[in-house]
Amino acid sequence: MKIGIVTPYDSANCGAYLQAYANKCFLEKNNYNVCFIQWRNEKQRKKEYFSKPKTIKELIRCIQRYPFLCARYKRMTQALKEFYIQKNTGDLDCTVVGSDEIWNIKVSQFQNPIFYGGVEQKSCIAYAPSAGQAALKDYNDFPWVRECLEKMTYAGVRDENTKNIVGKLVAKQVEIVCDPTMLLPINEFDFPHERKIKDKYMIVYSYSVPKEHQAYLKRYARKNNLKLVSICLYQSWCDLNINCHPLEFSSYIQFSECVYTTTFHGTIFTLLNHKNCAIYSCSKKMKDLLEWTHKEEAMLSLTATYDEFESLITKQHSYELFETIIEKKRKESQKIYIDALKSCEV
């Protein structure tokens with residue numbers, strides 16, 4: 001059975017790449033032939049790295065980051081060699097839409113019908129898509145979304161917000177399943193396990209770090225003789241900015257002393273590697289993730305004092321309950337996914 005995955009596999013960030021890679025690994029482990037459906041051209045992909053500045057401040061920022069972004073573009077282009085990519089869908093037995101925020105209709109690139117099953121196909125399954133920060137009212141200007149979602153087979157969505165939106169748009173009850181990066185134990189993915197930085201270091205993985213937290217991170221790093229290392233995303237105030245291959249992402253976290261992150265997949269890989277951490281985010285999807293994994297204790301508030309930050313990031317977390325919950329969710333999600341795929345074989 002040949003499956004085409006519709007997802008932003010060619011995104012500039014590691015999280016989007018890794019969820020695509022993990023989905024591919026899981027399907028191939030279950031003896032499916034997998035490819036990715038091309039959803040944009042190379043010129044459009046390049047714009048994600050090199051957008052035109054609109055202000056003098058943005059121009060200065062672009063100049064500062066240009067060498068980093070060039071290296072990032074090259075590294076992520078090389079990483080695409082892990083994927084078989086095709087344009088047509090005529091030879092596919094099934095398409096899978098997901099995962100990531102492909103149903104966040106507030107994002108212009110996800111206003112494309114391809115992410116909602118709007119392509120020529122025999123059958124279509126949704127596995128772990130997310131609507132991100134979108135609300136039900138945001139879909140009012142896109143009536144075709146409802147039509148697409150009504151035709152779809154659901155193997156589950158990624159969070160409570162998406163579940164509620166689907167329920168109200170098409171009156172279907174759907175399950176919440178785990179992100180593809182959790183579908184297999186972390187040691188079953190072909191990630192390298194090699195320490196690349198000799199010095200002790202802490203990881204920063206974030207698009208934007210509040211000034212208050214930047215001050216805490218620099219103070220904590222100085223106090224504990226740690227290098228501040230930002231991976232994949234540029235932070236001018238960090239000691240090192242590293243353009244790692246996305247498959248090396250987990251190992252940089254694995255060998256760190258602790259992690260500060262504000263992202264969904266940064267949080268997942270931090271928890272899977274059982275790290276001391278401080279997690280800051282106001283997003284619905286992060287709230288859901290930390291609630292169902294029972295790791296709300298790792299959350300850092302914007303108004304936290306330095307002492308509260310230090311206490312949190314030095315806390316020795318117990319991951320026994322987390323692993324029990326993840327294993328249960330993993331088995332449930334695997335069954336839902338495989339059952340949906342088998343229904344397409346009939």
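About the thresholds
Residues numbered from 1 in each chain as written. Predicted model: local features only at pLDDT ≥ 70, side-chain atom pairs only at ≥ 80, totals over all residues. Heavy atoms only, no water. Helix = DSSP H or I, 4+ residues; strand = E, 2+ residues; numbered from the N terminus. Polar contact = N/O pair within 3.5 Å; in protein donor to acceptor, adjacent residues only side chain to side chain. Contact = heavy atoms within 4.5 Å. Buried < 20%, exposed > 50% of the residue type's maximum accessible area, 1.4 Å probe, protein only. Arc of directions from axis to C-beta. Pairing = 2+ DSSP bridges. Axes fitted to C-alpha atoms, helices over the stretch in contact; angles between N-to-C directions.

Caption draft 1: Looking closely at the side chain of threonine 262. Considering the arrangement of structural elements, one finds threonine 262 in the loop between β10 (258-261) and α8 (264-272). For threonine 262, the side chain forms a polar contact with the side chain of serine 206, separated by 2.7 Å. Discounting residues that sit within four places of it in the chain, threonine 262 has contacts with Tyr205, Ser206, Tyr207, Ser208, Tyr280, Ser281 and Met286.

Caption draft 2: Structural context of helix α10 (residues 306-313). Taken together, the buried positions of α10 are occupied by Tyr306, Phe309, Glu310, Leu312 and Ile313. Projected down its long axis, α10 shows its buried positions confined to an angular sector of 165 degrees, all on one face.

Caption draft 3: Broad picture of the side chain of lysine 295. With respect to the element layout, lysine 295 can be found in the loop between α9 (284-292) and α10. When near neighbours in sequence (up to four residues on either side) are disregarded, lysine 295 contacts Leu271, Leu290, His317, Ser318, Tyr319 and Phe322.

Caption draft 4: Region of interest: the sheet that holds β10. Here 5 strands make up an open sheet; going across it, the order is β9-β8-β7-β10-β11 and the pairing parallel. The open sheet has two edge strands with one neighbour each: β9 (240-242) and β11 (277-279). Between one strand axis and the next, the sheet turns through 20 degrees on average, direction left out of account. Note: strand β7 (residues 201-205) against β10, 4 bridges, orientation parallel.

Caption draft 5: Here's a closer look at helix α4 (residues 143-150). Inspection of α4 places Val145, Cys148 and Leu149 among the buried residues, and these make up the whole buried set. The buried residues of α4 occupy an angular sector of 95 degrees when projected down its axis, which confines them to one face. Along its buried surface, α4 packs onto β6 (153-154) and α5 (160-170).

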